[in-house]
Amino acid sequence: MAKDPKTEKTARDTHYATLRRQMRDAKRERGEIPTPGPQKPRKSNADWTPPKLAPEQVLLYGLHTVRAALDNPERKLIKLSATQNALVRLEISSVENLGIPFETVTPQDLDKILGPEAIHQGVMLETRPLPVRRLEALKDSPLILVLDQVTDPHNVGAIMRSAVAFNAGAVITTQRHSPTESGVLAKSASGALELIPYIQVTNLSDALGELHKLGFFSVGLDSEGPAPMEKALNGDRIALVLGSEGKGLRQKTRETVSALARLDMPGAIKSLNVSNAAAIALYASRQHLAAKG
């Protein structure tokens, strides 16, 4: 029996359309292309009340974020909620094999929980926070990042992605005036939260002192630093210290780091977003460490 060319063409077109959509989604998860705005008016967050979460409850969302959490043996999973389409895109053939409760939901169900502006892609995972990490665990790492009250979870998430890309050992930040583990942070990190320790400390100056005892040379990035970064780097273990989006490094932090350095920028713009500055500093530090052998 001859094949119907129209039916065959339709199936082929559907297949390629699915592949193109998956490629676009992957690029958006990596931040290579922007996420398009909504095609129709959506409810404002002003009409949405976030749910009250227990201290040990974390809601993760987004395909890449949830897939990374499911693959992380250190992540304690509680419940998965997903649309049928999201379940296919997560490549979960059997929800029974997950070993946790599963609920089929609609995108609107997740909007009610996560808010209308959350790009959840049809999936939400309830988990417990990751285990607390200690500074002593970093004794074998040659490169770490320290954040001095960087408050925006989107910036911290982007910094985590760069830290993983350059194989940093941890991202250290303060317990106060810094984002805690959350869905927004995890979504911005696009899976990186599962791949690098996120250590929050009570006193940043004391933490820097402990890092110095572990053999780290700390470099604080400051636009008025006395030397360009590539000349300030020293030793074979580097701790990069970056300040908040508006105020930069606090005075106590400036006094505690081993050296202050600047990123020389010959162009008309002399300052960068903290996540961009972190990526450049990580690259320069990796070049220094490679030269040290």
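Residues numbered from 1 in each chain as written. Predicted model: local features only at pLDDT ≥ 70, side-chain atom pairs only at ≥ 80, totals over all residues. Heavy atoms only, no water.

The protein appears in an unreviewed UniProt entry as tRNA/rRNA metyltransferase from Agrobacterium albertimagni AOL15.

Concerning the environment of Ile119
Note on placement: Ile119 falls in the loop between helix H4 (107-114) and strand E4 (123-127). As a C-alpha pair, Ile119 and Tyr61 span 58 residues in sequence and 7.8 Å in three-dimensional space. (Helix = DSSP H or I, 4+ residues; strand = E, 2+ residues; numbered from the N terminus.)

What about the sheet that holds strand E7 (residues 198-201)?
One open sheet accounts for 7 strands, arranged E7-E6-E5-E10-E8-E11-E9; its pairing is parallel. Edge positions in the sheet fall to E7 and strand E9 (227-228), since each has one partner strand and no second. Each of strand E5 (143-148), strand E6 (171-174), E7, strand E8 (217-221) and strand E10 (238-243) is contacted by helix H7 (residues 204-213), which is oriented at about 165° to E5, the strand it contacts most. (Pairing = 2+ DSSP bridges. Contact = heavy atoms within 4.5 Å. Axes fitted to C-alpha atoms, helices over the stretch in contact; angles between N-to-C directions.)

Remarks on the packing of aromatic side chains
Taken as a whole, this structure holds 1 aromatic pair when the rule is applied. Each ring, one from Phe166 and one from Tyr283, has its centre 6.3 Å from the other, and the planes form 75°; the classification is edge-to-face. In this pair, Phe166 is assigned in the loop between helix H5 (153-165) and E6 and Tyr283 in helix H10 (residues 274-292), connecting sequence segments 117 residues apart. When its relative accessible area of 47% is taken as the criterion, Tyr283 is described as partly exposed. Of note, Arg237 hangs over the ring of Phe216, and the distance from its end group to the ring centre comes to 4.2 Å. (Phe/Tyr/Trp six-rings, centres within 6.5 Å; stacked < 30°, edge-to-face > 60°. Buried < 20%, exposed > 50% of the residue type's maximum accessible area, 1.4 Å probe, protein only. Lys NZ or Arg CZ within 6 Å of the ring centre and 35° of its normal.)

Quick word on unusual backbone geometry
With phi around 60°, Gln149 is a residue other than glycine that occupies positive phi space. Tracing the chain through its elements places Gln149 in the loop between E5 and H5. Look at His177: it is not a glycine, yet its phi comes out positive at around 60°. The residue His177 is located in the loop between E6 and helix H6 (183-189) in this model. Look at His177 and you get partly exposed, because its relative accessible area is 47%.

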